[in-house]
Amino acid sequence: MANAGFDADVLVIGGGPGGSTTAWDLARSGVDVLLLDGADFPRVKLCAGWITPQILDALELDPQDYPNTFSAFTSVILWVGNRPCRTDYVRPISYGIIRAEFDHFLLERAREAGARFVNEDVKEVATDDGGCTVTTRGGSTYRAPLAIGAGGSKDPIRRKLVEHRSEERMVVTLESETRVGADTIRAHTPYYEVPELFLEPDFRGYAWYFTKGDFLNIGIGRLGDPRIRDAHPRFLEQLRDLGRLSPDLEAQLTKFKGHPYKIYDHVPVQAHGERFLLVGDAAGLARHYSGEGIRPAVESARDAAAVARNALDPGEAIGQTLTEYGSRLTERYGPQQAPVFDPTAWLPERWQSRLVEWVCRSNRLRRDWVFGRVFLFDPEAAAS
Ligand SMILES: Cc1cc2nc3c(=O)[nH]c(=O)nc-3n(C[C@H](O)[C@H](O)[C@H](O)COP(=O)(O)OP(=O)(O)OC[C@H]3O[C@@H](n4cnc5c(N)ncnc54)[C@H](O)[C@@H]3O)c2cc1C
């Protein structure tokens, strides 16, 4: 039960993986949480839905207890130009989920743990010495000693209370996900439930053709680059040439939509203030090269919940305790001041591309570096 004058101990804005995980973690330890999201769940979230075992660990989730679409991947294909380079593993090193199902499951889990859900969009946020107040589009007002911003790249706390840096670079994406049926998918690819990644010719992004149960997910992402509008039709042409997209299948696809989000690079986002913490995309935590954002969202959610619990301790000064969150993020993801490490930076541009191509085509280096360190961040996967 929240203290007098407050509607909850903690307000969580956004019910994606970051917000639901924070709410679940806090609520199950007895913290009174109010979670606000304007979307009607299950809601569509643009995402390839590629997740790693570390996400399940952070969520304390056994796949046996997950009732929805869940594909275990033991192989990955990386297309370098016209050549498919396949890497096989002895155990599943990643999984495919459908975000609408996954996010709804996590939200319900938070509610079962005791978090109260308010289906309203937050319009305004304000902090003062005593706490944080949010006002919804419907005109309701909620107040708590502490708020967690988990509203993704449009998070209202990030927009209102955090200084925007003009140098921020975003991943720009275009994606379509459609339930077309497993038989239809099998008729179009020899690699059913083997994720296919297609490196962009300049290596500044990649496209994907993901098959998960009955779902086909096709998309492309590039770092801070409007040329995605040219890259996208080129990629679709490649899929048609490969037989992955027949006219019938193409006619069934949901419309391609775009969504930009920030990656964790040398332009830091202020992830905490006197009365708030930001998690996931709101804090710009997605991985630099891969654009993986679900793992940072749930990991930062667990960190935020731990720090929030300490901050709510009556003996502690809230603002001071929240600074610990910054240290935890730095410990996990490294300092943000330095430019992202680019091992090819010392080479002239045309040699950089050749080196990347050579690395991606080498079985050993692709397993150790490209998947082990860039896409999966899992040294064990590199070894298996
Ligand atoms: C095309 C594409 C493909 C991707 N593929 C992958 C992938 O395969 N694997 C991976 O790990 N990552 C992927 N990502 C990144 C990943 O989707 C995000 O990093 C992740 O969703 C971040 O989670 P989050 O909880 O921080 O935010 P979100 O998932 O964006 O959730 C934010 C929630 O906040 C709510 N909200 C927003 N504003 C308000 C408001 N004002 N009031 C109330 N509620 C609000 C929204 O409705 C939403 O439910 C992809 C991203 C894109 C765009």
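Calculation rules
- Residues numbered from 1 in each chain as written.
- Predicted model: local features only at pLDDT ≥ 70, side-chain atom pairs only at ≥ 80, totals over all residues.
- Heavy atoms only, no water.
- Helix = DSSP H or I, 4+ residues; strand = E, 2+ residues; numbered from the N terminus.
- Buried < 20%, exposed > 50% of the residue type's maximum accessible area, 1.4 Å probe, protein only.
- Areas by Shrake-Rupley, 256 points an atom, 1.4 Å probe, with all protein chains shown as cover.
- Lys, Arg positive; Asp, Glu negative; His and termini not counted.
- Charge placed at Lys NZ, Arg CZ, Asp CG, Glu CD.
- Polar contact = N/O pair within 3.5 Å; in protein donor to acceptor, adjacent residues only side chain to side chain.
- Contact = heavy atoms within 4.5 Å.
- Salt bridge = Lys/Arg side-chain N within 4 Å of Asp/Glu carboxyl O.
- Pairing = 2+ DSSP bridges.
- Near = heavy atom within 4 Å.
- Nonpolar A, V, L, I, M, F, W, Y, C, P; charged D, E, K, R; others polar.
- Phe/Tyr/Trp six-rings, centres within 6.5 Å; stacked < 30°, edge-to-face > 60°.
- 1 Å grid on protein atoms, 1.4 Å probe; cavity = no way out; pocket = protein on both sides within 12 Å on 5 of 7 lines; lining within 4 Å.
- Points joined across faces, edges and corners; volume = space filled by probe spheres on them.
- Axes fitted to C-alpha atoms, helices over the stretch in contact; angles between N-to-C directions.
- Left-handed = near helix turned anticlockwise from the far one by under 90°.
- Parallel < 35°, antiparallel > 145°, perpendicular 65-115°, else oblique.

Undergrad: How should I be thinking about the overall build of the chain in this particular structure?
TA: Helix and strand counts for the chain stand at 12 helices and 19 strands. Overall, the chain is about 65 × 45 × 40 Å in size when its C-alpha atoms are taken along their principal axes. A total of 384 residues make up the chain; the buried ones form 57% of that total. With the model as given, the accessible surface of the chain reaches about 17000 Å², and the carbon-plus-sulfur share is 50%. Between the averaged position of the 46 positive side-chain charges in the chain and that of its 54 negative side-chain charges there is a distance of 5 Å.

Undergrad: Help me understand the side chain of Thr-189 in this model?
TA: You can see Thr-189 is positioned in the loop between helix H5 (182-186) and strand S14 (196-199). Polar contacts involving the side chain of Thr-189 include one to the main-chain amide nitrogen of Tyr-191, which spans 2.9 Å. Residues in contact with Thr-189, not counting those within four places in the same chain, are Glu-196, Tyr-209, Thr-211 and Arg-244.

Undergrad: How do you make sense of the pattern of salt bridges when you look at a structure like this?
TA: Once the charged atoms of two side chains with opposite charge are near each other, the side chains can pair. By the definition in use, this model includes 32 salt bridges. Measuring nitrogen to oxygen at the nearest pair gives 3.6 Å for the salt bridge that ties Arg-179 to Asp-214. In this pair, Arg-179 sits in strand S13 (residues 170-179) while Asp-214 sits in the loop between strand S15 (205-212) and strand S16 (215-223), placing the two residues 35 residues apart along the sequence. One salt bridge connects Glu-324 with Arg-328, and the closest N-O pair in it is separated by 2.9 Å. Here Arg-328 and Glu-324 lie together in helix H9 (residues 318-333), a separation of four residues that amounts to about one turn. By relative accessible area, Arg-328 is classed as partly exposed at 26%. Connected through salt bridges with shared partners, the residues Arg-295, Glu-299, Asp-303, Glu-324, Arg-328 and Arg-332 form a single ionic network.

Undergrad: What should I look at first to understand the environment of Arg-137 in this one?
TA: Of note, Arg-137 is situated in the loop between strand S10 (131-136) and strand S11 (141-144). For Arg-137, a relative accessible area of 56% corresponds to the exposed category. Residues Arg-137 and Met-170, 33 residues apart in the sequence, show an inter-C-alpha distance of 27 Å. Dropping the residues within four chain positions of it, Arg-137 is found in contact with Asp-121, Val-122 and Lys-123.

Undergrad: Is there a simple way to think about the pairing of S11 in this case?
TA: Strand residues, when the strand is regular, have side chains that alternate between the two faces of the sheet. Here S11 shows a buried face lined by Tyr-142 and Ala-144 and an unburied face lined by Thr-141 and Arg-143. Bridge analysis of S10 against S11 gives four bridges, and the strand direction is antiparallel. Residue pairing in the sheet places Cys-132 in a bridge with Ala-144 of S11.

Undergrad: Just checking my understanding: could you explain the site of the ligand for this structure?
TA: The full set close to the ligand counts 38 residues, and Gly-18, Asp-37, Arg-99, Val-122 and Asp-281 are the nearest of them. In this structure, a nitrogen atom belonging to the ligand sits 3.0 Å away from a main-chain N or O atom of Ala-48. Counting residues per element, the ones that place at least two in the shell around the ligand are helix H1 (17-28), S13 and helix H8 (294-312). Here the residues of the shell around the ligand sort into 16 nonpolar, 13 polar and nine charged.

Undergrad: For this particular structure, what's the right way to read the packing of aromatic side chains?
TA: Across all of its chains, the model carries 14 aromatic pairs by this definition. Geometrically, the ring pair formed by Phe-371 and Phe-375 is tilted, given 5.8 Å between the ring centres and 45° between the ring planes. Of the two residues, Phe-371 and Phe-375 both sit in helix H11 (residues 363-375), four residues apart, roughly one turn of that helix. Residue classification places Phe-375 among the buried residues on the basis of a relative accessible area of 6%. Members of the aromatic cluster, each reached through a chain of ring pairs, are Trp-50, Phe-73, Tyr-206, Trp-208, Phe-210, Phe-371 and Phe-375.

Undergrad: What is the right way to look at the layout of surface pockets in this model?
TA: Where empty space is left becomes clear once a probe the size of a water molecule has been rolled over the atoms. As a volume, the second largest pocket reaches approximately 260 Å³. If you trace the second largest pocket, you find 18 residues lining it, with Pro-268, Val-269, Gln-270, Ala-271 and Gln-336 closest to the centre. Its residues placed into classes, the lining of the second largest pocket shows nine nonpolar, seven polar and two charged.

Undergrad: Explain the packing of H1 against H8 to me, please; I cannot follow it from the model alone.
TA: The angle between the axes and the distance between the axes are what describe a pair of packed helices. Packing of H1 against H8 leaves a shortest axis separation of 8 Å and a crossing angle of 35°. As for the relative orientation of H1 and H8, their crossing is right-handed in sense. Residues Pro-17, Gly-18, Thr-21, Thr-22, Trp-24, Asp-25, Leu-26 and Arg-28 of H1 touch H8, and the partners they reach there are Ile-294, Ala-297, Val-298, Ala-301, Arg-302, Ala-304, Ala-305, Ala-308 and Arg-309. Partitioning the contact of H1 with H8 into residue classes produces 10 nonpolar, three polar and four charged.

Undergrad: How should I be thinking about the packing of H1 against helix H3 (residues 99-112) in this particular structure?
TA: Their axes nearest at 8 Å, the elements H1 and H3 cross at an angle of 20°. When the axes of H1 and H3 are compared, the pair comes out roughly parallel. Relative to H3, H1 is oriented so that their crossing is left-handed. Residue-level inspection shows Pro-17, Ser-20, Thr-21, Ala-23, Trp-24 and Ala-27 of H1 in contact with H3, the latter providing Arg-99, Asp-103, Leu-106, Leu-107, Arg-109 and Ala-110. For the contact of H1 with H3, the residue count by class is seven nonpolar, two polar and three charged.

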